[in-house]
Amino acid sequence: MTAILNTTQIQNAASTTPNITLDTAGNAQFGGMPYGGSSFLRNRIINGAMDFAQRGTSFSSPAVGSYTLDRWTVYSTGTAPATVAQVAGPAGYRYATQITGTAGNTNATFYQKIESYNCSDLSGQTITIQANISVSSAQTVQWVLQYATAQDNFASTTLITQGTWSATTTATVFTATITGLPSGATNGMQLQFAPQNGGAFTSGTITITGVQLELGSVATPFEVRSQGTELAMCQRYYYNMQAQTIYALFGSGFNNSTSQASVIVNIPVPMRVTPTCSTSSVSNFYIVASGGTFSLVSINPAHYTPTTVRFDCNTSGTPLTFGMNCTLSASGTTAAALYFSAEL
């Protein structure tokens, strides 16, 4: 049996506006957000499922304002939390972040800064946040939404709104809807979570995953993006070029003197801004040139763009031949790494 529905609008009985409007050209206009099990790039949070941890998977007594898992920062007053770690997630998630309290702590906050480009359409809009949270003992978890008082500058922030959820030992999805975002939201926003209602977190744990911030008044299913897409989104802000083999190649260039080689390193994803750069121990690297390997006394980033960085690599003595090609390689260890940061 074949049936055709002839109409120009589809509307929920409780709605004051059409859910779907159909035109004569075959287009469908949605009155709200279409959603389902597939991805529509709804989530403004990056690494909301805590899958990526380029800096490491466990952090002991992290410093105030330091990054932990990709895109996620920890703030504390008093004593820092004992640990912030990537752990196994609840049903439906591979990973979560678990924060462990410690004696002397007076506040612990876990938060993400959202770039202005990902908030540019949110002035005056309604958004919905959600998070999957469990705690080692029943408590109130505070959430806070703020905006940067200047574009992508979170040195100071302005409160939009805040609220609380009653968390238990059972992993539960909590939601909140915020209406009428201020125009300042387009500067970039910060979403944060604090155990013990923002008070002293002296013992126990809080486990968080499945964090989502989306346009609209409905908490849609958590958006699962491809691993490649999510990793690239993380690498816009931080990239760890870690040696995967003991003689991994990092970049190539030429000897610009008998004691210095200049090497160009390509970054796979254009970074948010020109990055700051650092390296693991200089002993983890050497220059390969003229059929030999030469140890280094320093590696200095000398020229930066969001996609490439030139490193000037200085040898001990004058073993290099001017003008010859060279490569920067790991010196027999997978500890060799170059770090690039363009965080907010």
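Residues numbered from 1 in each chain as written. Predicted model: local features only at pLDDT ≥ 70, side-chain atom pairs only at ≥ 80, totals over all residues. Heavy atoms only, no water.

Colleague: What's the story with the pattern of salt bridges in this structure? I'm lost.
Modeller: Opposite charge on two side chains lets them pair, provided their charged atoms get close. In the structure shown here, the tally under the stated rule is eight salt bridges. The salt bridge partner of R55 is E343, with a shortest N-O separation of 2.8 Å. Within this pair, whereas R55 is found in the loop between β3 (28-30) and β4 (58-60), its partner E343 is found in the segment after β24 (337-341), the two being separated by 288 residues in sequence. In this structure E343 comes out as buried when scored by relative accessible area, which is 12%. Between E230 and R225 there is a salt bridge, with the nearest N and O atoms lying 2.7 Å from each other. Neither residue differs from the other here; E230 and R225 are each classed as buried. It is possible to trace a salt-bridge network through shared partners that takes in R55, R71 and E343. (Salt bridge = Lys/Arg side-chain N within 4 Å of Asp/Glu carboxyl O. Helix = DSSP H or I, 4+ residues; strand = E, 2+ residues; numbered from the N terminus. Buried < 20%, exposed > 50% of the residue type's maximum accessible area, 1.4 Å probe, protein only.)

Colleague: Help me out: how do you make sense of the sheet that holds strand β13 (residues 172-178) in this one?
Modeller: Strand pairing in a sheet relies on backbone hydrogen bonds. The paired strands run either parallel or antiparallel. The strand order β4-β7-β8-β15-β10-β13 describes an open sheet built from six strands, whose pairing is antiparallel. With one partner strand each, in any of the chains shown, β4 and β13 form the two edges of the open sheet. Strand-to-strand, the axes of this sheet are offset by a mean angle of 30°, without reference to chain direction. Pairing of strand β7 (residues 83-88) with strand β8 (residues 95-100), which is carried by six bridges, proceeds in the antiparallel orientation. Residue pairing in the sheet places V87 in a bridge with A96 of β8. (Pairing = 2+ DSSP bridges. Axes fitted to C-alpha atoms, helices over the stretch in contact; angles between N-to-C directions.)

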